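# Structure assessment
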Amino acid sequence: MSLLDNLVNNYFNKDLAVIFTYLGVDTARVSEINRQILKEVTLAQWLLESTRGKSDLAVHANNFAGLKWRDPDMKGFAEPLKIKVPSEPEEVEFCKFTDIDAFIIGYWKFLTRTPYKGLEDHTNTPENFLGFLKGKGYSSDPNYVNKVVNLLPEAQNLLANAGGVKIAPVEKLQLIRAPKEVEVGQSFRVEGIARLEDSGKILSVMIDDKFPAPNVVISQDGKWQFDLVFKQEGDRRMIIAVDDQTLEIQIKVVVPFDYKDDENTQQPTASSLPGAKVIKLGGSVGIGGVNKADDVKAIKARLHDLGYTWVGDPNRADIDRGLFDAIKLFQSIIAGRSTVNGDGRVDVGGITHRWLQAANAPRWELMPKSDLDNGFVNGELEDTQDNHDFGTHWLADVIKKIAQDYQNSYRNTHPTAAPFAINDVSLPHGGDTPDHHGHETGMMCDVYLPKTNRYFGGIIWSSSEYDQDAARAILKSIRKQKLVRAVFFNDQQLIKERLCVSLNGHDNHIHFEINPPVRS
């Protein structure tokens, strides 16, 4: 058995609650599910730091985490060892542990030191934990968090295999994200994953059996993606293939109400539907814009009415970061992004201007309250220690429809089943959150796993209390929604049923995302 195998098997059989109690860590602040997250992310960290158990520090000192000697904190847990490592110009004192058991305890002892005070409050996601460590100086590598997160699937597989749970590899082409409806002329992205042995191969894409799209190369991690724009309306059929594997995607392409406008149209046509707003601009507004007073007021007023209240007083023409951030968030929402990445400027006649005028322009609001009569629980709203409570009204409407469909299609005949219970969406002003990679634009939502005792959460898909039948029903209700573009969850059986796609970090919850609707 290799050194890495010994580490994995040993760590799998360790109870972090026992270790935390021994070291004086307040276990009440780190839930069982968070301890599972910590076990996975720290193993990923050790894979990176020890080059999968092959580094000199791992081989000669049972030090898989690159822990430097700290006197007096590490006395009694390790011994100092001077050793030359590739990351240091000369010999440095590192911790030497007697065996793997001593390393595991010593690692967590290292993190009880003063620099890492408050660690217990940063254990709910891999990104939050790693970001906290990096912020305290654990690593100077600017890409450290991403490097460790990229190793999470491997760490999860190792731990699952140690526990006798086999994580099935991707066996054929799978779709990750694609819209169900787009406008003529709207750019959109299709994403998926293939078998690892197909990496480097060319993926063929055929539209309506006669229009070949540019060939797409499958990347080394099996993922693939491409962007498309349809120039004609209709029900379009896309066939994606590699060797004998094929995927078929149906996308409805519609003509927008302002299709007669062109690039020379200064005042875009406004919808006649309730909720639409005519916004006449004499110049661009925002970062690098002309920013005429009346134009600034008009944009601020519209955004304020839509719920982006941090733009400031709409009766004043002053511009600041609040306005810029709101425009960037709005742009990211209408583009269907999971992270905020707009240019912060409203150009006359541009897509941001057109969406601001639309009757179904995205409103920013608090997510729906719990409705126990219809089997819906908003656990995030009830958690006063967290505030990922906000998102688009598009997502709020989808959440309500999922809850109602799940109630009608499953809970009415299975009254003891757990409710449809949601967790994180986005922060009050959207944008970056340390708890997630994504969740910045109010277009994605986490769902607690149902349990067999009518409750939810605090488990993973391989737990004995997990109610797979209820989870299957929830996924089916999610999949029925036209705007839903992606569903991530690691239940291997439900993946085989094509109800979800595997993604690291999704053992303990379901994650779904939506696309923007067609403008109206």
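Described in the following lines is the structure provided in the data block. As the structure is a computational prediction, the values presented were derived from the model and not from experiment. (Residues numbered from 1 in each chain as written. Predicted model: local features only at pLDDT ≥ 70, side-chain atom pairs only at ≥ 80, totals over all residues. Heavy atoms only, no water.)

## As for the pairing of strand S5 (residues 187-193)
Burial analysis of S5 places five of its seven residues in the buried class, the great majority of the element. As paired elements, strand S3 (residues 174-177) and S5 share three bridges and run antiparallel to each other. Bridge assignment links Leu175 to a residue of S5, and that residue is Gly192. (Buried < 20%, exposed > 50% of the residue type's maximum accessible area, 1.4 Å probe, protein only. Helix = DSSP H or I, 4+ residues; strand = E, 2+ residues; numbered from the N terminus. Pairing = 2+ DSSP bridges.)

## Some points on the side chain of His353
Examined against the element boundaries, His353 turns out to sit in helix H11 (residues 351-357). On the basis of relative accessibility, which here comes to 0%, the residue His353 falls in the buried class. At a separation of 2.9 Å, a polar atom in the side chain of His353 contacts the main-chain amide nitrogen of Gly349. Sequence-distant contacts of His353, defined by excluding residues within four places in its chain, comprise Gln267, Pro268, Ile279, Leu281, Val346, Asp347 and Val348. (Polar contact = N/O pair within 3.5 Å; in protein donor to acceptor, adjacent residues only side chain to side chain. Contact = heavy atoms within 4.5 Å.)

## Quick word on the side chain of Asp507
Position of Asp507 among the secondary structure elements: in the loop between helix H15 (492-496) and strand S19 (509-514). In this structure the side chain of Asp507 is engaged in a polar contact, spanning 2.9 Å, whose partner is the side chain of Asn490. Every residue in contact with Asp507, bar those within four places of it in the chain, is listed here: Glu40, Gln156, Leu449, Ile459, Ile460, Trp461, Phe489 and Asn490.

## Details of the nonpolar core
In this structure, Leu303, Tyr308, Phe420 and Phe512 are the most contacted members of the largest nonpolar core, which totals 62 residues. The element best represented in this core is helix H13 (residues 393-411), accounting for nine residues. By size, the runner-up hydrophobic cluster in this structure holds 48 residues, among which are Leu16, Val30, Tyr116 and Tyr144. (Core = buried A, V, L, I, M, F, W, Y, C linked by side-chain atoms within 4.5 Å.)

## Description of the sheet that holds strand S10 (residues 245-254)
Whenever strands of a sheet pair, they do so through backbone hydrogen bonds, lying parallel or antiparallel. Pairing in this open sheet of five strands is mixed, and the strands run S4-S10-S9-S6-S7 from one edge to the other. Of all strands in the sheet, those with a lone pairing partner are strand S4 (181-183) and strand S7 (211-217), marking the two edges. Across this sheet, the average inter-strand angle for adjacent strands is 30°, counted without regard to direction. In terms of strand pairing, strand S6 (residues 202-207) meets S7 through five bridges, oriented antiparallel. Bridge assignment links Val205 to a residue of S7, and that residue is Ala213. (Axes fitted to C-alpha atoms, helices over the stretch in contact; angles between N-to-C directions.)

From the geometry alone we can't say anything about function, so treat these as descriptive.
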